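Secondary and tertiary structure notes
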Amino acid sequence: MDPSRSSRFARLSPAAANVAWHASRLLSAWSSHRSRPSPTWAPGPLPKSHERTAPPLGLPRRTQSLCPQCNREAVNAVLAGARTVAEFREDPGLIEAHIVEESGRVVMRKDCARHGSYEDVLSTDPAFFRRMESLYVGHDFTCTDDEAVHNHGAASIETGRGLALIVDLTNRCNLKCSPCFMDANHAPYVHELSMDHVKRIFERARSFKPQREFNILFAGGEPTIAQNFLDAVSYAWSAGFKRICVVTNGIRLGQEDDFAARMRAAGVHQVYLQLDGTSNEAHRYRGAANLFDVKRRALENIARAGMMANLQVAVMKSVNNDSVGDVVRFAVENINKVRSVLFQPIMFAGRDALVSDDDRRARRYTLADVAHDLRGQTTAFEWLPLRDWFPTSAYSVFANLFDNMHPESAIGSIYSDVHPGRGVFSPLLVNQKTKQAVPIASFVNVDRLLRDVTAIADDGGAAALMKARLALSVARNFDARRAPAGITLASLWPILERLDIRYKSDAPNWSEQDNMDAEWRLLIVAASWFQDLFGYDLSTERMDATPVATVEGEIAFSAYNAAGWRQIVEHQHQTASLAEWHQHHGRHRIYAHGKLIPMTPTVEAGQRTTA
Ligand code: SF4
């Protein structure tokens, strides 16, 4: 950090910053006719905000959806050899759907001429739903030269690069949870990616524009038990990918104290650690008796290896939604080890695809429910759904700013155009020493800050000018009277300075830098809703931000996991029958029926303990 710039920034009063901000806008308007930067990684010039596009939003609206029953029949016909994949691509069970507000909820309704009517709840708070849509940032680019990557009929991805590329290494797992949207350990065959598949997947990922940064999420099943796990990570690293993450239940990381270090050495940047609550009881429905103990040990090992964890929480109403506040408190307590909390409301797919209507209604949990439950379960600070939550895409105004500041970059900053009904987040600041936590929007006018950043990028100019205007905007939107003791404009400076590390990974030792933070650390609490067939909206699939990279190209997450593509791809590209696999590799251990997961004793600070 440059101390002189920091102290100049700290001395700015909101009033002076406001005057300077308006003066800078006038000056920028004078030069705003200049041509837009056209980076080599993009299919065209960087669009201004009014040139970005969006899917149909607002209520009521129509969209394309699927009939769950027709889709199942179409998938089964392909698996039985009665239909071709090309026929499935053309018609996976398409029907029209209506999204309407009624009785204080947002619902999807659809009718199939053969199978009758379906209704599902998309939101339990129409005001929250509307606010997220009103702050949607939009698509910057349509994909080009992507015929070999996106060719999946009505669900084909059309825009953007996405936040993450999921690489499922295996359909095997060392748990047998219910629910499990990918139905691990159930198919009569094993599907594991070979190294040739892995190489082809990463070549394809680089084959089309826009070429932006994205996170690679090695997943499964349980990726850490896949035969090629560490080799696949090493390959991705050697191919120049730096944002390499692993989505895991943490068993191997908890059982083998050196495994996190081996992952780190292979190139893993961060870990997405499944966590459903803060007790063994909260995890009991997954089958093993001591999962929380194992995950705590895994978290220690992840941190010791120099990585951060993102806690990934599957949430079901009436099952574990009373634990969401506990998970955030756990994250705050462990802020030196935890980067974010990602709540994932249940997706009725895989083992839960045939859920009854009554059970679905009882367990359905929406993004608005996450925000409201956290408000109700948090007493340490006020956490307001309509003030403190934003669509995930809001994150991208900064990506757009950095792209305008650095058009010479070989690839664009990480940019999310995720649908506002599919991803939301709330940024908190947490003090690493005192564990004080506070929503940023409680003392920063975030809505206006987002508008300012959009204006700075639209106005353009030299990078130094844009950076100075960003500082002015933060200063004019910071309310010292509402900020808790200990947070000053000066304490925001290190966070501001480090923002570009979040968006671009080209700095030397980027991973080490990204895994460190100053005294006040940003904790992102987010929620992602992956659609199942009941509330399926094809317009959101075509802009999916977390596609699954497969032998058959990159497929929108829910099209893959809920609408049949996973079964078709894994069936067609199976590695071996289960019997053949067991003959060559033996059976992998599965912890179920209340089994205790064994852990080795560990030596810590001179004391031998057994978790
Ligand atoms: S950990 Fe559970 S939910 Fe995840 S893949 Fe394994 S069985 Fe499925």
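A quick note: this is a predicted structure, and the numbers were derived from the prediction, not measured. Here the residue numbers are simple positions, counted from 1 along each chain's written sequence. Whole-chain, interface and lining totals are the exception, using all residues; otherwise, since this is a predicted model, local features are given only for residues with pLDDT of at least 70 and side-chain atom pairs are given and counted only at 80 or more.

Here the focus is the overall build of the protein. Numbering of helices and strands starts at the N terminus; helices are DSSP runs of H or I of at least 4 residues and strands are runs of E of at least 2. Per the secondary structure count, the protein includes 24 helices and 20 strands. Taken against the 2.2 N^0.38 rule, which gives 25 Å for 611 residues, the C-alpha radius of gyration of the protein at 24 Å falls within 12% of a compact globule. Along the first, second and third principal axes, the C-alpha atoms of the protein reach 70 × 65 × 50 Å. Exposed residues have 12 or fewer other C-beta atoms within 10 Å of their own C-beta, buried residues have 20 or more, and residues in between are partly exposed; the C-beta atoms are placed from the backbone. Evaluated residue by residue, the protein yields a buried proportion of 49% over its 611 residues. Atoms considered for the radius of gyration are the C-alpha atoms alone. The globule rule reads 2.2 Å times the number of residues to the power 0.38.

Looking now at the site of the ligand. For the ligand, the full set of nearby residues is C173, L175, K176, C177, C180, M182, A184, G220, G221, E222, N249 and R286. Grouping the amino acids of the shell around the ligand by side-chain chemistry returns six nonpolar, three polar and three charged. We call a residue near a molecule or strand when the C-beta position, derived from backbone atoms, sits within 6 Å of it. Polar here means any residue outside two lists: the nonpolar Ala, Val, Leu, Ile, Met, Phe, Trp, Tyr, Cys and Pro, and the charged Asp, Glu, Lys and Arg; Gly therefore counts as polar.

Accessible area lost on assembly of the parts is the figure often given for the size of an interface. Along its sequence, the protein is carved into domain 1 (59-118) and domain 2 (149-576). The distance between the C-alpha centroids of domain 1 and domain 2 comes to 28 Å. Counting residues at the interface gives 19 residues for domain 1, matched by 15 residues for domain 2. Elements supplying a minimum of two residues to the side of domain 1 that touches domain 2: β1 (61-66), α3 (68-79), α4 (85-90) and β2 (94-102). If one sorts the elements of the side of domain 1 that touches domain 2 by residue count, α3 sits on top with six residues. The residue inventory of the side of domain 1 that touches domain 2, partitioned by class, reads 13 nonpolar, four polar and two charged. These domain boundaries are the output of an automatic or database domain assignment. Contacts here follow a simple rule: the backbone-placed C-beta atoms of the two residues must lie within 7 Å.

Our focus in this paragraph is helix α16 (residues 446-459). The length a helix should cover is 1.5 Å for every residue beyond the first. Its 14 residues give α16 an end-to-end C-alpha distance of 20 Å, which sits within 8% of 20 Å, the value for a rise of 1.5 Å per residue. Of the positions making up α16, those classed as buried are V446, L449, L450, D452, V453, T454, I456, A457 and D459. Positive backbone phi, at 70°, marks G460, one or two positions downstream of α16.

With twelve residues, α3 ought to run about 16 Å at 1.5 Å a step, and its terminal C-alpha atoms sit 17 Å apart, in line with that. Within α3, the full set of buried residues consists of P68, N71, A74, V75 and V78. For α3, the arc enclosing every buried residue in end-on projection is 125°, short of the 170-degree limit, so these residues lie on one face. Buried-residue contacts for α3 involve β1, α4, β4 (116-123) and α23 (565-572). Immediately downstream of α3, the backbone of G81 shows phi near 80°, a positive value. In this description, the arc belongs to the directions extending from the helix axis to the C-beta atoms.

Moving on to the nonpolar core. Core analysis: the largest hydrophobic core is formed by 166 residues, its most contacted members being V167, L217 and F218. Both domain 1 (59-118) and domain 2 (149-576) contribute no fewer than three residues apiece to this core. Every residue in contact with V167, bar those within four places of it in the chain, is listed here: I201, I216, L217, F218, A219 and A549. Think of a nonpolar core as buried Ala, Val, Leu, Ile, Met, Phe, Trp, Tyr and Cys residues chained together by C-beta atoms that fall within 7 Å.

Below, the discussion takes up the pairing of strand β10 (residues 308-315). A large share of β10 lies buried, amounting to eight of its eight residues. Burial of the side chains of β10 extends over both faces: M308, N310, Q312 and A314 are buried on one face and A309, L311, V313 and V315 on the other. By this definition, two strands are paired if DSSP reports at least two bridges between them. Where strand β9 (residues 270-274) meets β10, five bridges bridge the pair, whose relative direction is parallel. Its bridge partner lying in β10, Y272 is registered against N310.

Residue position: V319 is located in the loop between β10 and α11 (324-333). Between the C-alpha atoms of V319 and A362, which are 43 residues apart in sequence, the distance is 9.6 Å.

The antiparallel open sheet is built from four strands, whose spatial order is β1-β2-β3-β4. Two strands lie at the open edges of the sheet, namely β1 and β4, each paired on one side alone. Averaged over neighbouring strand pairs, the angle between their axes works out to 30° when direction is ignored. Pairing of β2 with strand β3 (residues 105-112) involves six bridges; the strand directions are antiparallel. Residue pairing across strands places V100 opposite V107, the latter belonging to β3. Axis lines are fitted to C-alpha atoms, over the contacting stretch for helices. Their N-to-C directions set the angle, which ranges from 0 to 180 degrees. Contacts from α3 reach β1, β3 and β4, with the element oriented near 35° to β1. Helix-sheet contacts for helix α5 (residues 126-134) involve β2, β3 and β4, and the interaxial angle to β4 is about 75°.

What follows is about unusual backbone geometry. In this chain, L59 is followed by P60 through a cis amide linkage whose omega measures -10°. Of note, P60 is situated in the loop between α2 (14-31) and β1. The omega angle of the peptide bond from K209 to P210 is 5°, so this bond is cis rather than trans. Among the secondary structure elements, P210 is positioned in the loop between α6 (195-205) and β7 (215-219). In this model, S103 sits at a positive phi of 50°, which is unusual for a non-glycine residue. Mapped onto the elements of the fold, S103 is located in the loop between β2 and β3. Unlike most non-glycine residues, S318 shows phi in positive territory, near 70°. Locating S318 in the fold gives a position in the loop between β10 and α11.

Look at α3 against α23: their axes get within 10 Å of each other, and the N-to-C directions meet at 5°. On the basis of their axis angle, the class for α3 and α23 is roughly parallel. Of the residues in α23, those in contact with V75, V78 and L79 of α3 are Q567, I568 and H571. Partitioned by chemical class, the residues of the contact of α3 with α23 number four nonpolar, two polar and no charged. When describing relative orientation, an angle under 35 degrees is termed roughly parallel and one over 145 degrees roughly antiparallel, while 65 to 115 degrees is termed roughly perpendicular and anything else oblique.

Of all eight residues in strand β11 (residues 338-345), six are buried, a share of seventy percent or more. Bridge count for β10 against β11 is seven bridges, and the pairing is parallel. Residue pairing in the sheet places V313 in a bridge with F343 of β11. Handedness of the β-α-β unit built from β10, α11 and β11 comes out right-handed. As judged from the four bridges shared by β11 and strand β15 (residues 520-528), these two strands associate in the parallel manner. In the strand pairing of β15, V341 is matched with V525. The definition of a right-handed crossover adopted here requires that, viewed with the strands pointing away, the path from the first strand over the helix to the second runs clockwise.

The next thing to look at is the environment of P68. Residue position: P68 is located in helix α3. Separated by 286 residues in sequence, P68 and L354 place their C-alpha atoms 9.5 Å apart. In this structure, P68 is in contact with Y118, L533 and F534, ignoring residues within four places of it in sequence.

Moving on, we come to the packing of α6 against helix α7 (residues 229-238). The N-to-C vectors of α6 and α7 enclose an angle of 30°; their axes lie 10 Å apart at closest approach. Here α6 is positioned roughly parallel relative to α7, judged by the angle of their axes. Remark: the crossing between α6 and α7 carries right-handed chirality. Residues M195, V198, K199 and F202 of α6 touch α7, and the partners they reach there are D231, A232, Y235 and A236. Taken together, the residues that form the contact of α6 with α7 break down as six nonpolar, no polar and two charged. Handedness of a crossing follows from how the near helix is turned relative to the far one, being left-handed for an anticlockwise turn of less than a right angle and right-handed for a clockwise one.

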